[in-house]
Structure formats: C-alpha cells, structure tokens
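These are the residues of each chain, in order.
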Amino acid sequence: MENNTITLDLYEMQSAAHLGILRCLESEKYQEKWGYNYKGSLNDQMAKSISGAMGEVALAKFLKIKFEYHCNVGGVPDLIFKDLKLQVRTQTKKVRNLNSLIIRPKAKKNELYIFVQDEAPKFQIKGFINSSTILGDNKYLTDFGLARPPCYSIPIEQLTPIFLLKDGSWN
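Residues numbered from 1 in each chain as written. Predicted model: local features only at pLDDT ≥ 70, side-chain atom pairs only at ≥ 80, totals over all residues. Heavy atoms only, no water.

A. The overall build of the chain, seen in detail. The secondary structure content of the chain amounts to three helices and nine strands. Beginning at the N terminus, the succession of helices and strands in the chain can be written as β-α-α-β-β-β-β-β-β-β-β-α. Over its C-alpha atoms the chain spans a radius of gyration of 15 Å, differing by no more than 12% from the 16 Å that the globule rule assigns to 171 residues. Along the first, second and third principal axes, the C-alpha atoms of the chain reach 45 × 40 × 35 Å. The 171 residues of the chain split such that 44% are buried. (Helix = DSSP H or I, 4+ residues; strand = E, 2+ residues; numbered from the N terminus. Rg over C-alpha atoms; globule rule 2.2 N^0.38 Å. Buried < 20%, exposed > 50% of the residue type's maximum accessible area, 1.4 Å probe, protein only.)

B. Up close: the sheet that holds strand 7 (residues 141-142). Read across the open sheet, the three strands follow the order 4-8-7; overall the sheet is antiparallel. Each edge of the open sheet carries a strand with a single partner, namely strand 4 (100-103) and strand 7. Direction of pairing for strand 7 relative to strand 8 (residues 151-155): antiparallel, over a ladder of two bridges. The partner of L141 across the bridge, within strand 8, is Y152. (Pairing = 2+ DSSP bridges.)

C. Examining helix 1 (residues 10-29) more closely. Helix length check: helix 1 (20 residues) gives 28 Å between terminal C-alpha atoms against 28 Å at 1.5 Å per residue, within 8%. On the buried face of helix 1, the contacting elements are strand 1 (5-7) and helix 2 (42-63). Where helix 1 starts, the residue carrying a side-chain oxygen 3.1 Å from the main-chain nitrogen of Y11 turns out to be D9. Where helix 1 ends, the next residue or the one after it, Q31, has phi of about 55°, a positive value. (Expected span 1.5 Å × (residues − 1). Contact = heavy atoms within 4.5 Å. Polar contact = N/O pair within 3.5 Å; in protein donor to acceptor, adjacent residues only side chain to side chain.)

D. Layout of a nonpolar patch on the surface. Residues I21, L25 and L42 make up a contiguous nonpolar surface patch of about 210 Å² in total accessible area. Topologically, L42 is positioned in helix 2. (Patch = residues over 30% accessible without salt bridge, like charges linked within 9 Å, V, L, I, M, F, W, Y side chains within 5 Å. Areas by Shrake-Rupley, 256 points an atom, 1.4 Å probe, with all protein chains shown as cover. Salt bridge = Lys/Arg side-chain N within 4 Å of Asp/Glu carboxyl O.)

E. Looking closely at the environment of L159. Here L159 shows up in the loop between strand 8 and strand 9 (160-161). Residue classification places L159 among the buried positions, given a relative accessible area of 9%. It is 8.5 Å that separates the C-alpha atoms of L159 and L101, two residues lying 58 residues apart in sequence. Apart from residues lying up to four places away in sequence, L159 is in contact with L101, F115, G127, F128, I129 and I154.

F. Looking closely at the pattern of salt bridges. Taken as a whole and judged by the stated rule, the model has four salt bridges. Ionic pairing is found between K48 and D44, a salt bridge with its closest N-O pair at 3.6 Å. Of this pair, K48 and D44 are both found in helix 2, four residues apart, which corresponds to roughly one turn of the helix. Between K66 and E68 there is a salt bridge, with the nearest N and O atoms lying 4.0 Å from each other. Since its relative accessible area comes to 46%, E68 is described here as partly exposed.

Rendered as structure tokens:
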C-alpha cells in the first residue's frame, strides 16, 4: 500500500502559512465572522487557518495536482481532482486520538470531504467521504456539548481509504 504521509518543505509551509494568515486578515478587513458561533481569538483563528491551508497543500501534493492559492472566495471547493470537488478538513492530533471529520449541515451535495491530520511538517491523508452519504443522516449529528449548531462528526475509521480516490477506483 502506498504511503499516505506527505512532508511539506519549508517553501510549501511558508506559502501555506502566508495564505492562512491572509485569509484571516481579509475576514477581519471585511468584518466577516467565522461561522457557527465560533468564539476563538484571532490568534487561534490564524493557527487553525494556517493548519488548514497546509492540509490543502499536503493533499494537493499527495494527489500530484497544482495547488491554487485562493483566498476567501466563498463556495469554491478547496481542490478539484479529476472533476471532483474536494473539501479539506485538517486537524491536529487530539488526545486519545478522538479526531473526526466535520461536515456542516449546509454542505453542498456530492462534494468529497477529506480528513488530513496535521503533524507539521508531516501530514497524514486519512480518508474521505461523499457529503451526500452523510447529509440528513442523524447518526453522525452532534453539537459536542458546545453552544454551537450541530454538525456531522464522522469517525476516521468510517472514511473511505484515500488511495481509492487517488487511483480512481472508489465509485
């Protein structure tokens, strides 16, 4: 089986970090709030945004496609791979490995959501799921006990292996 760990070089990390910060600063400039009742500080938003941008770069590198450095363009997918719309969800490793892929109920149908675990400079591309298989399924709906709207939380072990996407054999 192919390795699903990608190591970003210094240039890739710096470029993604710049993009992550730019995304936050543009949101501040235009008074766009992070959604879903998010309460984190600007520093926390920047850290999460940098991690997210690095996850996007890592997935593009894994799939061997060009990364488009786009900033705050709304409903555009993070990446396009073989005409498939990809949304990247990046998280750092949590205590007791309780990570899960988060999909919001407002997600578009037929987009692939990919989970990337941030262990910078290494990133593990864990797996993916089609949003259409989750939307409307209350089995995965949760608010994590927070004062935020519910979202779908899909356990990592429930995801389709990323290699099936890469080689085109998943559907």
